[in-house]
Amino acid sequence: MMNLKGNPELTPKNLMRPLKNYGIACMSMGFLIEETAPVVWRGLMVMSAVEKLLRQVDWGQLDYLVIDMPPGTGDVQLSVSQNIPIAGAVIVSTPQDVALLDAHKGAEMFRKVHVPVLGLIQNMSVFQCPKCKHETHIFGNDGVKDLAKILGLDILGDVPLHINIRETCDSGQPVVVSQPQSDAAKAYQKIAMEILRRLPVPPA
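Bear in mind that the values here come from a model prediction, so they are computed numbers and not experimental data. (Residues numbered from 1 in each chain as written. Predicted model: local features only at pLDDT ≥ 70, side-chain atom pairs only at ≥ 80, totals over all residues. Heavy atoms only, no water.)

Would you mind showing me how to read the pairing of strand β3 (residues 89-93) here?
The side chains of a regular strand alternate, first on one face of the sheet and then on the other. Only one face of β3 is covered, namely the one carrying A89, I91 and S93; the face carrying V90 and V92 has none of its residues buried. For β3 and strand β4 (residues 117-128), the ladder comprises five bridges, and the chain directions are parallel. Looking at the pairing, S93 lines up with Q122 of β4. (Buried < 20%, exposed > 50% of the residue type's maximum accessible area, 1.4 Å probe, protein only. Helix = DSSP H or I, 4+ residues; strand = E, 2+ residues; numbered from the N terminus. Pairing = 2+ DSSP bridges.)

Shown next, in the form of structure tokens:
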């Protein structure tokens, strides 16, 4: 999605240099293994990989470090939440019932390990036909908003199910970069601002 491939270089201190594009430094297990190789790890291996990506990367001066985690409440989530200070978690879910179950568990897990949950994002919220403009809620209507009420959390925004988002991601040109004035890009920009508003102000 960020149009990045290849193996990270090493610094003289034996730290990995993150790959960069669009002014963003990125690090992924995908840079360290073959493109089609699966990552089938559990327990200590997961914790070791998380530690490597966090502590053995020359991140430099960052404004924010965003960690994209898989759904669920397993080893990755626990390892990250217990090993580094986290300013806040954001839960992303489609509105369908099966996805909402995982989202609910994820929010409760972060609360149990004392990580503030900043809010929820409703992904693939609505599909608009490009020809007739009719809107269809393919995955259900307002499921994430209902969950937010149950959890007492805010909705940070909605991301539509839009072909431009898929096409620009697949081409490695995120819609916020390639089509910044589009409605899809504005949805992401709004979400980013809502997250920033809820983060604690770092010390000067």
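Next comes the rest of the description.
Just to check I follow, could you spell out the nonpolar core for this structure?
Side chains of a nonpolar character, in soluble globular proteins, are inclined to be buried together. Counting residues in hydrophobic clusters, the biggest one holds 15 residues, and the most contacted among them are I91, F110, V117, L120, L147, L151 and L153. Put simply, the parts of the chain that give this core at least two residues each are β3, α3 (97-112), β4 and α4 (143-151). When residues no more than four places from it in sequence are discounted, the contact partners of I91 are A103, G106, A107, F110, V117, G119, L120 and I121. (Core = buried A, V, L, I, M, F, W, Y, C linked by side-chain atoms within 4.5 Å. Contact = heavy atoms within 4.5 Å.)

It is not clear to me how the layout of surface pockets should be interpreted in this structure. Could you clarify?
A probe as big as a water molecule, rolled over the atoms, marks out the empty space that is left. By volume, the second largest pocket is sized at about 340 Å³. Around the second largest pocket, the lining comprises 17 residues; the ones closest to its centre are V126, Q128, E135, P160 and D183. Those elements that provide at least two residues to the lining of the second largest pocket are β4, β6 (155-161) and α7 (183-198). Among the elements that make up the lining of the second largest pocket, the one with the highest residue count is β4 (four residues). When the residues that make up the lining of the second largest pocket are grouped by side-chain class, the tally is four nonpolar, nine polar and four charged. (1 Å grid on protein atoms, 1.4 Å probe; cavity = no way out; pocket = protein on both sides within 12 Å on 5 of 7 lines; lining within 4 Å. Points joined across faces, edges and corners; volume = space filled by probe spheres on them. Nonpolar A, V, L, I, M, F, W, Y, C, P; charged D, E, K, R; others polar.)

Honestly, a nonpolar patch on the surface in this entry has me stumped. Any pointers?
A surface patch of nonpolar side chains, about 380 Å² in accessible area, is lined by Y22, I24, V176, V177 and Y188. With respect to the secondary-structure elements, Y188 resides in helix α7. (Patch = residues over 30% accessible without salt bridge, like charges linked within 9 Å, V, L, I, M, F, W, Y side chains within 5 Å. Areas by Shrake-Rupley, 256 points an atom, 1.4 Å probe, with all protein chains shown as cover. Salt bridge = Lys/Arg side-chain N within 4 Å of Asp/Glu carboxyl O.)

Is there a simple way to think about the pattern of salt bridges in this case?
A complete count under the given rule lists seven salt bridges for this structure. For E51, the salt bridge identified is with R55, shortest N-O distance 3.5 Å. Here R55 and E51 lie together in helix α1 (residues 43-55), a separation of four residues that amounts to about one turn. Note on R55: relative accessible area 45%, which makes it partly exposed.

Would you explain unusual backbone geometry in this entry?
It is generally the case that most residues other than glycine have a negative phi and that most peptide bonds are trans. Phi is positive for Y22, which is not a glycine, with a value near 55°. Examined against the element boundaries, Y22 turns out to sit in the loop between β1 (19-21) and β2 (24-26). On the accessibility criterion, Y22 (32% relative accessible area) is partly exposed. The residue D142 is not glycine, and still its phi comes out positive at about 70°. Within the element layout of this structure, D142 appears in the loop between β5 (135-136) and α4.

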